[in-house]
Amino acid sequence: VVIDKSTEDLWSAATKACPAGFSTIMDANGVSTLKESYDSLAPSGRLVVFGFHSNLPLGQAMLNPLEWIRMARKQSNMPKFDAMDLTVS
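In this text, all values refer to a predicted model and were calculated from it rather than measured experimentally.

Mind showing me how you'd approach the layout of surface pockets here?
Space left empty within the atom packing is revealed by a probe, the size of a water molecule, rolled over the atoms. Within this model, the largest pocket holds a volume of roughly 270 Å³. Along the walls of the largest pocket sit 15 residues, with Leu10, Trp11, Ile25, Met26 and Ser37 positioned nearest its centre. If one sorts the elements of the lining of the largest pocket by residue count, strand S1 (residues 22–27) sits on top with 5 residues. Looking at the lining of the largest pocket residue by residue, the class counts come to 9 nonpolar, 4 polar and 2 charged.

Please clarify how a nonpolar patch on the surface should be interpreted in this entry.
A cluster of nonpolar side chains, contributed by Met26, Val48 and Phe50, occupies part of the molecular surface with about 310 Å² of accessible area. Looking at the element boundaries, Met26 is found in strand S1. Met26 sits in the exposed class, given a relative accessible area of 57%.

What's the story with unusual backbone geometry in this structure? I'm lost.
Phi is mostly negative for residues that are not glycine, and the peptide bonds are mostly trans. Even without a glycine there, the phi angle at Ser44 is positive, about 65 degrees. Tracing the chain through its elements places Ser44 in strand S2 (residues 41–49). With a relative accessible area of 54%, Ser44 lands in the exposed category.

Where do I start with the environment of Lys5 in this structure?
Mapped onto the secondary structure, Lys5 falls in the segment before helix H1 (10–17). On the basis of relative accessibility, which here comes to 53%, the residue Lys5 falls in the exposed class. In this structure Lys5 touches Leu10 and Asn29, once residues within four positions along its chain are discounted.

Help me understand the pattern of salt bridges, please; the structure alone is not making it clear to me.
A full pass over the atoms with the stated rule returns 2 salt bridges. The shortest N-O distance in the salt bridge between Glu67 and Arg70 comes to 2.5 Å. One end of the pair, Glu67, and the other, Arg70, are both in helix H3 (residues 65–76), 3 residues apart, so they sit about a helical turn from each other. Using a relative accessible area of 36% as the deciding quantity, one classes Arg70 as partly exposed.

The rules we used
- Residues numbered from 1 in each chain as written.
- Predicted model: local features only at pLDDT ≥ 70, side-chain atom pairs only at ≥ 80, totals over all residues.
- Heavy atoms only, no water.
- 1 Å grid on protein atoms, 1.4 Å probe; cavity = no way out; pocket = protein on both sides within 12 Å on 5 of 7 lines; lining within 4 Å.
- Points joined across faces, edges and corners; volume = space filled by probe spheres on them.
- Helix = DSSP H or I, 4+ residues; strand = E, 2+ residues; numbered from the N terminus.
- Nonpolar A, V, L, I, M, F, W, Y, C, P; charged D, E, K, R; others polar.
- Patch = residues over 30% accessible without salt bridge, like charges linked within 9 Å, V, L, I, M, F, W, Y side chains within 5 Å.
- Areas by Shrake-Rupley, 256 points an atom, 1.4 Å probe, with all protein chains shown as cover.
- Salt bridge = Lys/Arg side-chain N within 4 Å of Asp/Glu carboxyl O.
- Buried < 20%, exposed > 50% of the residue type's maximum accessible area, 1.4 Å probe, protein only.
- Contact = heavy atoms within 4.5 Å.

Set out below in C-alpha cells:
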C-alpha cells in the first residue's frame, strides 16, 4: 500500500487498507507519528523506529540552545506504552 499523505490523511487511509492492523510499521518520523504507528499495529506486530526526524532542530535553529531544550521537552512528551499490550489478543 502506498499512501501519499500530502493528498490524504495517512492514518485513515492506513486503517482503510488494513483494518486488522499491520504486522510491521517502519516509523522514521518519531514524535509526530509514534502513537498512531503503535495504535495501528496488529496484535504481536512490530514497530521499527529508525529515526526521529520530527524531533530534530533543522537549519540555523540547530545551533540555537533553545531548540535543544524544545527537543528535550518533545522527548519527555513522547507517548508511553507497554509493549506487552500487543501480546494480548
